[in-house]
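This is what each chain is made of:
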Amino acid sequence: MFSIPHKAKQFLTFLVKLLIVGGAFYFIYDQLANNEQLDWNKFLELLERKKSFWGILFILSFSFFNRFFEILKWQNLAQVIEKISLGKATEQVLSVLTASIFTPNGIGEYGAKALYFEKKEAKKVVFLNLICNGIQMILTIVFGTIGLMILGYQFWVFVILGICILFFGIFFFLKKIKIKGYSLDKLLKKINEIPKAIHQKNIFLAICRYLIFSHQYYFLFLAFDVDLPYWTLMATITAVYFLASSLPTFQFLDFAVKGSVAVYFFGNLGVNEWVVVFISTLMWFLNVVLPVFIGSFYVFKFKSKWKS
């Protein structure tokens, strides 16, 4: 059997890491430099008028806690396999964010995160990551639906409820049907095998993360002089986040998708289009780009536990 020399293997590994980090930085630069909707002059003028060290620190703190709660969520769930330190959880979350920036809806993180554990634990890692992201999506649907109702989009609320009822109906009838040895019934049993305390902590941390993210959006609108009632603004934010998250996209295009949905909803409320686009871009920069920069460091120092 042909084997790759150790030096060659090291070089190929380094090359893959370089391609991942280089590609991530290229796509980030391309989106920021070539987006015609972004009027940087207007942004710099506003920044000059509003600049405040404490204001900037306040907004940045939301980005820190957004990722911090995600790291705590993963540390909490990973203990099902093995207890990991906060530093190790940070490394895993930020490095896979960088590695999955090119994949639709960040799906690449499922495979990338599994590389941090023994090969035999790969399926369990994917399963736990599904739970980690699943609770966040459930909260997005719940809060987004409430937001649509507050805004008066009752038709869409009924459509969403109809889809949910249909989904649960199909789930009930098909839960015992096996596909390649797997079934929905088996999935439920696996979920129930995880201690309740871990599930409860996961839900609590997910709620904290959602509130942090949505209120960062809220305070940015206030910083850009958008004067709307709190509940109207929050309802619109939750609706935009829900509908945008339902669309297939890539992490590096996240702000473009959320921006286009936000322009429609906030446009109906009389908010200037360039303000909406800029806030969507800032949210993407603060919550994706900055963590990717940090994650690139972890990508370079990554060592897989999988035996070749």
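Starting afresh in each chain, residues are numbered from 1 along the sequence in its written order. Per-residue local features are limited, in this predicted model, to residues with pLDDT of at least 70; the limit for side-chain atom pairs, both in listing and counting, is 80 or more; totals at the level of whole chains, interfaces and linings are taken over all residues. The side-chain quantities take in all heavy atoms of the structure and omit both hydrogens and water.

A. Structural view of the overall build of the protein chain. The number of helices and strands found in the protein chain is 12 helices and zero strands. Secondary structure is summarised from DSSP: a helix means a run of H or I of at least four residues, a strand means a run of E of at least two, and numbering begins at the N terminus for each. Shown N-terminal to C-terminal, the secondary structure of the protein chain runs as helices and strands in the order α-α-α-α-α-α-α-α-α-α-α-α. The buried share of the protein chain, reckoned over its 308 residues, is 44%. Burial here depends on accessible area, computed with a 1.4 Å probe over protein chains only, as a share of the maximum for the residue type. Under 20% is buried, over 50% is exposed, and the range in between is partly exposed.

B. Layout of unusual backbone geometry. Even without glycine at this site, Asp225 takes up a positive phi of about 65°. With respect to the secondary-structure elements, Asp225 resides in the loop between α9 (196-223) and α10 (230-245). A relative accessible area of 46% means that Asp225 is categorised as partly exposed.

C. View of a nonpolar patch on the surface. Exposure above 30% relative accessible area and the absence of a salt bridge qualify a residue for a patch, where like charges join within 9 Å and nonpolar side chains (Val, Leu, Ile, Met, Phe, Trp, Tyr) within 5 Å. Residue burial considers only the protein chains on display, and all accessible areas are found by Shrake-Rupley using a 1.4 Å probe. We define a salt bridge as a side-chain nitrogen of Lys or Arg found within 4 Å of a carboxyl oxygen belonging to Asp or Glu. Side chains of Ile138, Val142, Ile146, Ile150, Tyr230 and Trp231 sit close together on the surface and give an oily, nonpolar patch of about 600 Å² of accessible area. Elements with a contribution of two residues or more to the nonpolar patch: α6 (122-151) and α10. In terms of residue count, α6 provides more of the nonpolar patch than any other element does, four residues in total. Here Ile150 is to be found in helix α6.

D. Molecular detail of the side chain of Ser95. Take Ser95: it is sitting in helix α4 (residues 86-99). Ser95 has contacts with Tyr116, Gly295, Tyr298 and Val299, leaving out every residue within four places of it along the chain. Here, residues are in contact when the closest pair of their heavy atoms is within 4.5 Å.

E. Looking closely at empty space enclosed by the protein. Using a 1 Å grid laid over the protein atoms alone, points where a 1.4 Å probe fits but cannot get out form a cavity; open sets with protein on both sides within 12 Å along at least 5 of 7 lines form a pocket; any residue with an atom within 4 Å of a point counts as lining. Grid points are joined across faces, edges and corners, and a volume is the space filled by probe spheres set on the points. Counted under the stated rule, the structure contains one cavity of 30 Å³ or more. What the largest cavity holds in volume is close to 30 Å³. If you trace the largest cavity, you find it lined by Asn66, Gln136, Arg209, Tyr210, Phe213 and Tyr241. With three residues, the single largest contributor to the lining of the largest cavity is α9.

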